[in-house]
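# Commentary on secondary and tertiary structure
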Amino acid sequence: MARAKSEERRAEILRAALEVIAERGYRGATLGSVAERVGLTQQGLLHYFPTKEALLVAVLEERDRWDTSGASSGESWRLDLLDSLVEYNAMRPGIVQTFSALLGESVTDGHPAREFFTERYAQVRANMAEVLRLEFGERLPGGLTPERAAPLLTAVMDGLQYQWLLDPSAVDMPEAFRDFLRLLSAGRA
């Protein structure tokens, strides 16, 4: 019972941290502001997350868990699941905004999320290569290997998020992603 209550409280803190980071950015977010949002003291929050960096990494890991829940355990991602993920992201601009802001901030030296994003993108590129290999085999219709096309697929997904966040009325993120998938398949026998 106590463990379940503790996990519930951690989830509440993660949601609050996500909101605060979305509003203020990582550097502007404080442990005190997150604690206040969930009715804790800063010391009480430190019981669950010993540092601001630990909280940030937990927020990022939780966001990735939400994203990967579309592929059940043991099931590989497929292009149609990626399409569903883009569609899902279009329904949650706050989370996409937080992720994008943290990604942008993480390229600076010494940012606590830099290692997380570096490792995450290595894994994402590997996963995207596998998705492409399952769909197209060892060569895409344009001649690229899955490993060469994986960074491009990843860049399109993240780049569309930035464009959509800046001007959602001009960029239909899910439709633009489907257009890209059609380009990948162009010339397929």
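Everything here concerns the structure above.
This section reports on the structure supplied with the text. Everything quoted here is computed from the prediction, not taken from an experiment.

### Describing the side chain of Arg9
- Relative to the elements of secondary structure, Arg9 occurs in helix α1 (residues 2-28).
- According to the relative accessible area criterion, Arg9 is buried, its value standing at 18%.
- Reaching out from Arg9, the side chain makes a polar contact with the side chain of Glu12 at a distance of 2.8 Å.
- Non-local contacts of Arg9, meaning those with residues more than four positions away in its chain, are made with Val38, Gly39, Leu40 and Tyr48.

### Comments concerning the nonpolar core
- Counting residues in each nonpolar core, the largest one holds 28 residues, and the members touching the most others are Val34, Leu55 and Phe117.
- The set of elements that each furnish at least two residues to this core consists of α1, α2 (31-37), α4 (52-68), α6 (93-106) and α7 (114-136).
- Top element by residues in this core is α1. It accounts for eight residues.
- Membership of the second largest hydrophobic core comes to 26 residues, among which are Trp77, Leu81, Ala150 and Leu184.

### A word on the packing of aromatic side chains
- Counted under the stated rule, the structure contains two aromatic pairs.
- Geometrically, the ring pair formed by Phe99 and Phe117 is edge-to-face, given 5.4 Å between the ring centres and 70 degrees between the ring planes. With Phe99 in helix α6 and Phe117 in helix α7, the pair connects residues that are 18 residues apart, well separated along the chain.
- You can call Phe99 buried: its relative accessible area is 2%.
- Between Phe116 and Phe117, the aromatic rings sit 5.4 Å apart at their centres with planes inclined by 80 degrees, giving edge-to-face as the arrangement.
- Here the aromatic cluster, defined as three or more aromatic residues joined through ring pairs, consists of Phe99, Phe116 and Phe117.

### Focus: the environment of Asp158
- In this structure, Asp158 sits in helix α8 (residues 146-166).
- Note on Asp158: relative accessible area 16%, which makes it buried.
- Between the alpha carbons of Asp158 and Val171 there is a distance of 13 Å; along the sequence they are 13 residues apart.
- Not counting chain neighbours up to four residues away, the residues in contact with Asp158 comprise Phe99, Leu103 and Tyr121.

### So, the side chain of Thr154
- Residue placement: Thr154 occurs in helix α8.
- Each residue touching Thr154, except ones within four places of it in the same chain, is listed here: Tyr121, Val124, Arg125 and Met128.

### Description of the environment of Asp80
- Structurally, Asp80 can be placed in helix α5 (residues 79-89).
- Taking the C-alpha atoms as reference points, Asp80 and Gln97, separated by 17 residues in sequence, lie 23 Å from one another.

### Considerations on the packing of α6 against α7
- Packing of α6 against α7 brings their axes to within 9 Å, and their N-to-C directions diverge by 105 degrees. On the basis of the axis angle, α6 is roughly perpendicular to α7. In this structure, α6 uses Phe99, Leu102, Leu103 and Ser106 to contact α7, whose residues at the interface are Arg114, Phe117, Arg120 and Tyr121.
- Here the contact of α6 with α7 is built from residues that sort into five nonpolar, one polar and two charged.

How each quantity is defined
- What you see as residue numbers is a count from 1 along each chain, following the sequence as written.
- Totals for whole chains, interfaces and linings use every residue, but because this is a predicted model, local features are given only for residues with pLDDT of at least 70 and side-chain atom pairs only at 80 or more, for both listing and counting.
- To get the side-chain values, all heavy atoms of the structure are used, and hydrogens and water are removed first.
- The helix count covers DSSP runs of H or I at least four residues long, the strand count covers runs of E at least two residues long, and both are numbered beginning at the N terminus.
- Burial classes follow relative accessibility: with a 1.4 Å probe on protein chains only, a residue under 20% of its type's maximum area counts as buried, one over 50% as exposed, and anything between as partly exposed.
- Pairs of N or O atoms within 3.5 Å make up the polar contacts considered here, provided that, within protein, one atom can donate a hydrogen while the other can accept it, and that residues adjacent in sequence are counted only when both atoms are side-chain atoms.
- When checking whether two residues touch, look at their non-hydrogen atoms; a contact exists if any pair is within 4.5 Å.
- Think of a nonpolar core as a cluster: buried Ala, Val, Leu, Ile, Met, Phe, Trp, Tyr and Cys residues, connected wherever their side-chain atoms sit within 4.5 Å.
- Only Phe, Tyr and Trp rings are paired, with Trp represented by its six-membered ring, and only when their centres lie within 6.5 Å; those with planes under 30 degrees apart are stacked, over 60 edge-to-face, the remainder tilted.
- For helices, the axis comes from a line fit to the C-alpha atoms of the stretch in contact; other axes are also lines fit to C-alpha atoms, and the angle between any two N-to-C directions lies between 0 and 180 degrees.
- Each angle receives one of four descriptions, namely roughly parallel if under 35 degrees, roughly antiparallel if over 145, roughly perpendicular if within 65 to 115, and oblique otherwise.
- Polarity classes work like this: nonpolar for Ala, Val, Leu, Ile, Met, Phe, Trp, Tyr, Cys and Pro, charged for Asp, Glu, Lys and Arg, and polar for all others, with Gly in that last group.

Structural measurements only, silent on function.
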